[in-house]
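Residue-level listing of the chains:
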Amino acid sequence: MSPRPWRDAWWDALYGPNGFYRRAEGPAGHFTTSAHGGLGAVLAEVVASLADQAGVCRVVDLACGRGELLTHLHDKRPDLEFVGVDIVERPVDLPRRVEWLRSPGGGELPDDLREIDALVLAHEWLDVVPCTIAEVDHDGVLRGVLVNAAGAESLGDEVSTADRDWADTWWPTAKPGNRVEVGLSRDIAFADLLSRSRTGVTIAVDYGHTKATRPTQGTLTAYREGTLTDAIPDGQRDLTAHVATDSLGADEVVTQRELFHRLGLTAATPEHAGATADPLGYVHALGRASTIAALTDPHGLGGFHWAMTRHTRGHA
Ligand SMILES: C[S@@+](CC[C@H](N)C(=O)[O-])C[C@H]1O[C@@H](n2cnc3c(N)ncnc32)[C@H](O)[C@@H]1O
């Protein structure tokens, strides 16, 4: 494959006919997110509580993997309705009451996803929406980075005017060698998602940065079978880059840690006296405290950004 813009190679590597996300084992076969296992059970509580606050009884999980979080939600809150959206066929073991929509992938959404009255969660979606990778050349010009099939990079043409404008506004740099992950494709994807809602709340959750914390060398990286690996667009690995969450135009962006604390979820260990009075309850409370500690760790999952926008348009 001759060198081409990262954004195109990235899209094919994840969503093309042999794309990484079409593999049978799904994302959970390669990395763990807050949606999985014991973490997912607590995340489901948070999502259900935000749906209650927003006054909606439906949860749409966009980019839901194989429906891991929806399965937790279904167990905890059978009173709610659920829709899972991802690029593959409906997983066979998904609870029957969960509806399923198939999506094209990346920044493209299914036509049927419209007129939404729900809490829409996009958990670790935007980081896998391919974006322009750019680098400042020796003359201070921002040029697109090209990549070949083996992952070798070279500099291409100057970026488009739209990408340049985005970078000037959100990620200005003229220092030769600095990289910019142009968030325009993520902003457009998020705006498209917002435009499909009538009532409720839309939430994108990702590793993120803001103008004050942009990385100078970018964050594009890859995961395969639980290991951080080289970014090669070969369909054998996840390709991900952190999200510029301040440019999304959400009503509010808070860290996961702040949000959990706001909802009263803290990692306080239970009173030791409970160990004799109610040993099983004590063990359960200890486990829960350690799960919440992991979800709110400021240097780990607690640093995730929650970009939230409420919808009050009402029915047309
Ligand atoms: C990093 S995984 C996150 C999975 C799950 N939300 C979690 O947190 O465990 C990204 C998922 O986004 C899905 N995805 C990417 N673009 C999508 C789109 N436009 N519509 C639906 N799913 C999409 C991928 O297929 C993949 O399952």
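These numbers were taken from a predicted model, which means no experiment stands behind them.

## Considering the environment of Ala-13
- Secondary-structure assignment places Ala-13 in helix H1 (residues 6-15).
- Taking the C-beta count within 10 Å as the criterion, Ala-13 has 26 such neighbours and is therefore assigned buried.
- As for Ala-13 and Thr-296, which are separated by 283 residues in sequence, their C-alpha atoms are 32 Å apart.

## Observations regarding the site of the ligand
- In the neighbourhood of the ligand, 21 residues make up the surrounding shell, with Tyr-21, Thr-33, Ala-63, Gly-65 and Ser-103 lying closest.
- Counted by class, the shell around the ligand contains 11 nonpolar, six polar and four charged residues.

## Here we look at unusual backbone geometry
- The phi angle at Glu-115 is positive, at roughly 45°, despite the residue not being glycine.
- With respect to the helices and strands, the residue Glu-115 is situated in the loop between strand E4 (98-102) and strand E5 (116-123).
- Overall, the presence of 10 C-beta atoms within 10 Å leaves Glu-115 in the exposed class.
- One non-glycine residue, Glu-124, lies in the positive phi region at around 60°.
- Mapped onto the fold, Glu-124 is located in the loop between E5 and strand E6 (132-136).

## Digging into the sheet that holds strand E13 (residues 227-229)
- Ordered by their spatial adjacency, three strands build an open sheet running E13-E12-E14, and the pairing between neighbours is antiparallel. Edge positions in the sheet fall to E13 and strand E14 (238-240), since each of these pairs with one other strand and no more. The average undirected angle you get between the axes of adjacent strands in this sheet is 35°.

Rules used throughout
Residues numbered from 1 in each chain as written. Predicted model: local features only at pLDDT ≥ 70, side-chain atom pairs only at ≥ 80, totals over all residues. Helix = DSSP H or I, 4+ residues; strand = E, 2+ residues; numbered from the N terminus. Buried ≥ 20, exposed ≤ 12 C-beta atoms within 10 Å, placed from the backbone. Near = placed C-beta within 6 Å. Nonpolar A, V, L, I, M, F, W, Y, C, P; charged D, E, K, R; others polar. Pairing = 2+ DSSP bridges. Axes fitted to C-alpha atoms, helices over the stretch in contact; angles between N-to-C directions.

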